[in-house]
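Descriptive analysis of the structure
The lines below spell out each chain.
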Amino acid sequence: MEAANDLRPTDRKLSATAYKGSCFCGAVQLTVSGEPAAMGYCHCESCRSWSAAPVNAFTLWKPEAVQVTRGADKIGTYNKTPKSYRKWCQTCGGHLFTEHPHWGLVDVYAAVIPDFPYHAGVHVNYQETTLRIRDGLPKMKDVPKEMGGSGVGVAE
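A brief report on the enclosed structure follows. Being a predicted model, the structure only gives us computed values, none of them experimental. (Residues numbered from 1 in each chain as written. Predicted model: local features only at pLDDT ≥ 70, side-chain atom pairs only at ≥ 80, totals over all residues. Heavy atoms only, no water.)

1. Some remarks on the sheet that holds strand β4 (residues 56-61)
Definition in use: By definition, two strands form a pair when at least two bridges between them are found by DSSP. Going along the chain from the N terminus, every DSSP run of H or I of four or more residues is numbered as a helix, and every run of E of two or more is numbered as a strand.
Strand order in the open sheet formed by seven strands is β6-β7-β8-β9-β4-β3-β10, and the pairing between neighbours is mixed. One side of each edge strand has no neighbouring strand; the edge strands of this open sheet are β6 (75-81) and β10 (123-124). Note that strand β7 (residues 84-89) and strand β8 (residues 95-100) share four bridges and pair antiparallel. Among the inter-strand pairings, Tyr 85 is bridged to a residue of β8, identified as Glu 99.

2. Topic: the nonpolar core
Side chains of nonpolar character tend, in soluble globular proteins, to be buried together. Note the cut-off: Buried Ala, Val, Leu, Ile, Met, Phe, Trp, Tyr and Cys residues that are joined via side-chain atoms within 4.5 Å together make up what is termed a nonpolar core. Exposed residues in this analysis have more than 50% of their type's maximum accessible area, buried residues have under 20%, and partly exposed residues fall in between, with area computed by a 1.4 Å probe over protein chains only. Two residues form a contact once any of their heavy atoms are found within 4.5 Å.
Leu 30, Val 32, Trp 61, Leu 96, Val 108 and Ile 113 are the most contacted members of the largest nonpolar core, which totals 20 residues. Per-element tally for this core: the top contributor is strand β9 (residues 105-109), with three residues. Those residues in contact with Leu 96 that sit more than four places away from it in its chain are Ser 22, Cys 23, Val 28, Leu 30, Ile 75, Lys 87, Trp 88, Cys 89, Asp 107, Val 108, Tyr 109 and Val 112.

3. Observations concerning the sheet that holds strand β1 (residues 19-22)
This is how the line gets drawn: Helix axes are fitted to C-alpha atoms over the stretch in contact, other axes to C-alpha atoms as well, and angles between N-to-C directions run from 0 to 180 degrees.
Spatially, β1-β2-β5 is the arrangement adopted by the three strands of the open sheet, whose pairing is antiparallel. Every other strand in the sheet has two partners, leaving β1 and β5 (66-70) as the edge strands with one partner each. For this sheet, the mean inter-axis angle between neighbouring strands, taken without regard to orientation, is 30°. Here β1 runs beside strand β2 (residues 29-32); their pairing, made up of four bridges, is antiparallel. Considered in β2, the bridge of Tyr 19 is made with Val 32.

4. As for the packing of aromatic side chains
To keep things clear, this is the line we draw: Pairing of aromatic rings covers Phe, Tyr and the six-membered ring of Trp, with a centre-to-centre limit of 6.5 Å; geometry is then stacked below 30 degrees between planes, edge-to-face above 60, and tilted otherwise. As a reminder, the over-ring test applies to NZ of lysine and CZ of arginine, requiring each to be within 6 Å of the ring centre and within 35 degrees of the ring normal.
A complete count under the given rule lists four aromatic pairs for this structure. The interplanar angle of 70° and the centroid separation of 5.9 Å between the aromatic rings of Tyr 41 and Tyr 118 together place this pair among those described as edge-to-face. Of this pair, Tyr 41 sits in strand β3 (residues 38-42) while Tyr 118 is found in the loop between β9 and β10, placing the two residues 77 residues apart along the sequence. On the basis of an interplanar angle of 65° and a centroid distance of 6.2 Å, the ring pair of Trp 50 and Trp 88 is categorised as edge-to-face. Of the two residues, Trp 50 is situated in helix α2 (residues 45-51) and Trp 88 in strand β7; the sequence distance between them amounts to 38 residues. Given the relative accessible area of 23%, Trp 88 is considered partly exposed. Three or more aromatic residues link up through ring pairs in this structure, and these residues are Tyr 19, Trp 61 and Phe 116. The side chain of Lys 139 reaches across the aromatic face of Tyr 126, ending 5.7 Å from its centre.

5. Here's the deal with the side chain of Thr 31
Mapped onto the elements, Thr 31 comes out in strand β2. Residue Thr 31 is classed as buried on the basis of its relative accessible area, which comes to 18%. Leaving out residues up to four positions away in the same chain, Thr 31 has contacts with Tyr 19, Lys 20, Ala 65, Val 66, Gln 67 and Thr 69.

6. Notes on unusual backbone geometry
One non-glycine residue, Ala 52, lies in the positive phi region at around 55°. When you line up the elements, Ala 52 lands in the loop between α2 and β4. A relative accessible area of 73% means that Ala 52 is categorised as exposed. Look at Asn 125: it is not a glycine, yet its phi comes out positive at around 55°. Summarising the element assignment, Asn 125 is placed in the segment after β10.

Below, the structure is given as structure tokens:
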């Protein structure tokens, strides 16, 4: 398995259209534009716990592609580690995105941008999964070598 290809967007070219997103109550609004660096599912305990779900659907963007257009003063931040700065709306508690400075990327949760054409390309941190998903996508033990992981694939 070629780890460098695992996190690339699908072959379908995405338009340069901007997609709008917001928190649960709409007090914080954002847009993403261009193409994401990657899309997939994360199964790590940290993402599961933060999202209160068995898996997190991620879209990774360069920071300049993510713009908060309303309610920036209502955004709270929590960082369990220096690798992730999780952002949420202080009004409704709705999750928005996570900044990953060590990768130079921002994970805008797929559910926050409902009209975005989300197409997962990989499962990461699959060794930690609590929900087996048999969808034919590559499953990685952790993350690609290029992102500081082992790059090792695991069986569905």
